[in-house]
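So the chains spell out like this:
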Amino acid sequence: MEHPRKLLEQHAIHPKKSLGQNFLFDDSLLHKIVASADLDPADHVLEIGPGVGALTGVLAQAAARVVAVELDNRLLPLLHEQLAPYPHVELHHADILDLNPSDLFDRPYAAVANVPYYITGAIMRHLLSNKPMRPKRIVFTVQKEVAERMTAPVGKMSLLAVSTQFYGTASIVSHISAGAFWPKPKVASSIVRVDVSEQPPVNEKLFFRLAKAGFSQKRKQLKNNLRALQLGDDVIAENMAAVDIDGRRRAETLSVPEWRALTAQFATLVG
Ligand code: SAM
């Protein structure tokens, strides 16, 4: 694969910062990303933002079908050219946030991408809260700091950690220095993997309502933040105690199973 700078020059394209265009050009890293997705040759894969097709080519060698969604129309001719040897790669010119990923697949799929950092959170929510089909696994290159927040342990939880870990097990595969990208971004990156689990039933909407309220003022005790639910203080205290959660705790100390228990407990009180 040619260096992305060369490929873009040949097509007279300048990378757009506004679209998060930092291209990975290290072959061994591209292979590492794909290897960490543990793909089966029969797997179907969604790639968001194929760019110049470097990761797409490696994915195409590991999967039965790759659906790549690219927003920048300037890249489409280049992508068609680069990916011509792989008829099982489908290119879509679209904003991933405007597509329903479930419409693109007829079976559980893996999502593998070097995502545009300006919408990492939105993409995660878009895929993970998708109905009827979530990806079975996500392997994304994201900002290192975001990867660390997504995978944070109990005691250092944030709304991002709870929202990610609600859907599965998140881990950092490895860190990537900024110099592995062209143009070089300001921040370091990490490969993060989320193994999406089958969800024990819980009211998802209420779960996130509680978590958002809980984290609304980080320094406040949970029982105070939960006043946003507009239940009386006594009712809040009683129902927290019923699931063994001390109201004086801060949201960052609650595990996902505790948020789940809280959700189940409050489900009868709030709609
Ligand atoms: N996959 C390439 C690589 O690994 O070098 C490029 C990754 S670059 C960080 C992010 C890519 O996402 C760019 O090609 C950018 O144009 C594309 N992109 C940005 N916003 C997008 C969106 N909303 N939907 C789909 N693609 C988007």
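Our subject is the structure listed above.
Note that this is a predicted model, so its numbers are computed, not measured.

**Some points on the site of the ligand**
- Within the structure, the ligand sits among 23 residues, and Gln21, Leu24, Gly49, Glu70 and Tyr118 are positioned closest to it.
- A distance of 2.9 Å separates an oxygen atom of the ligand from a polar atom in the side chain of Gln21.
- Between a nitrogen atom of the ligand and a main-chain N or O atom of Ile96, the distance comes to 3.1 Å.
- Within the residue set of the shell around the ligand, elements represented by two or more residues are β1 (23-24) and β3 (65-70).
- Class assignment of the residues belonging to the shell around the ligand gives a composition of 13 nonpolar, six polar and four charged.

**Observations concerning helix α11 (residues 256-266)**
- Those residues of α11 that fall on the buried side of the exposure criterion are Val256, Trp259, Arg260, Leu262, Thr263 and Phe266. Here the buried residues of α11 occupy an arc of 160 degrees about the axis, which is enough to place them on one side. α11 presents Pro257 and Ala264 as exposed residues on the side facing more than 90 degrees away from its buried surface.
- Next to the buried residues of α11 lie α7 (159-165), α8 (204-215), α9 (222-225) and α10 (233-242).

**Overview of the packing of α10 against α11**
- Interhelical geometry of α10 versus α11 gives an angle of 125 degrees and a closest axis separation of 9 Å. Classified by the interaxial angle, the pair formed by α10 and α11 is oblique. Read as a crossing pair, α10 and α11 show a hand that is right-handed. Across the interface between the two elements, Ile236, Asn239, Met240 and Ala242 of α10 pack against Leu262, Gln265 and Phe266 of α11.
- When the residues that make up the contact of α10 with α11 are grouped by side-chain class, the tally is five nonpolar, two polar and no charged.

**A look at the pattern of salt bridges**
- Under the defined criterion, the tally for this structure stands at 15 salt bridges.
- Between Arg65 and Glu90 there is a salt bridge, with the nearest N and O atoms lying 2.8 Å from each other. Highlighted residues: Arg65 in strand β3 and Glu90 in strand β4 (residues 89-93), separated in sequence by 25 residues.
- Note that Lys218 and Glu252 form a salt bridge whose closest N and O atoms lie 4.0 Å from each other. Of this pair, Lys218 sits in the loop between α8 and α9 while Glu252 is found in the loop between α10 and α11, placing the two residues 34 residues apart along the sequence.
- In the salt-bridge network here, residues are joined through shared partners; they are Asp38, Arg137, Arg193 and Asp195.

**A short note on the pairing of strand β6 (residues 137-143)**
- The buried fraction of β6 amounts to six of the seven residues, a majority that puts the element mostly inside the structure.
- Each parallel crossover has a hand, and the one from strand β5 (residues 110-114) via helix α5 (residues 120-128) to β6 is right-handed.
- Inspection of the sheet shows β6 paired to strand β9 (residues 189-196) by seven bridges, in the antiparallel sense. For Val142, the partnering residue across the bridge sits in β9 and is Ser190.

**A look at the environment of Thr151**
- Tracing the chain through its elements places Thr151 in the loop between α6 (144-150) and α7.
- Along the backbone, Thr151 and Gln165 are 14 residues apart, and their C-alpha atoms lie at a distance of 7.6 Å.
- Reaching out from Thr151, the side chain makes a polar contact with the backbone oxygen of Ala147 at a distance of 2.8 Å.
- A distance of 3.5 Å separates a polar atom in the side chain of Thr151 from the backbone oxygen of Glu148.

**Considerations on the packing of α8 against α11**
- Relative orientation of the contacting elements α8 and α11 amounts to 115 degrees, with a least axis distance of 9 Å. Classified by the interaxial angle, the pair formed by α8 and α11 is roughly perpendicular. When the axes of α8 and α11 are compared, the crossing they make is right-handed. Residues Leu206, Phe207, Leu210, Ala211, Gly214 and Phe215 of α8 form the contact with α11, whose participating residues are Val256, Trp259, Arg260, Leu262, Thr263 and Phe266.
- Across the contact of α8 with α11, the residue classes tally to nine nonpolar, two polar and one charged.

What counts and how
Residues numbered from 1 in each chain as written. Predicted model: local features only at pLDDT ≥ 70, side-chain atom pairs only at ≥ 80, totals over all residues. Heavy atoms only, no water. Near = heavy atom within 4 Å. Polar contact = N/O pair within 3.5 Å; in protein donor to acceptor, adjacent residues only side chain to side chain. Helix = DSSP H or I, 4+ residues; strand = E, 2+ residues; numbered from the N terminus. Nonpolar A, V, L, I, M, F, W, Y, C, P; charged D, E, K, R; others polar. Buried < 20%, exposed > 50% of the residue type's maximum accessible area, 1.4 Å probe, protein only. Arc of directions from axis to C-beta. Contact = heavy atoms within 4.5 Å. Axes fitted to C-alpha atoms, helices over the stretch in contact; angles between N-to-C directions. Parallel < 35°, antiparallel > 145°, perpendicular 65-115°, else oblique. Left-handed = near helix turned anticlockwise from the far one by under 90°. Salt bridge = Lys/Arg side-chain N within 4 Å of Asp/Glu carboxyl O. Right-handed = clockwise from strand over helix to strand, strands pointing away. Pairing = 2+ DSSP bridges.

The values reported here are purely geometric and, on their own, carry no functional implication.
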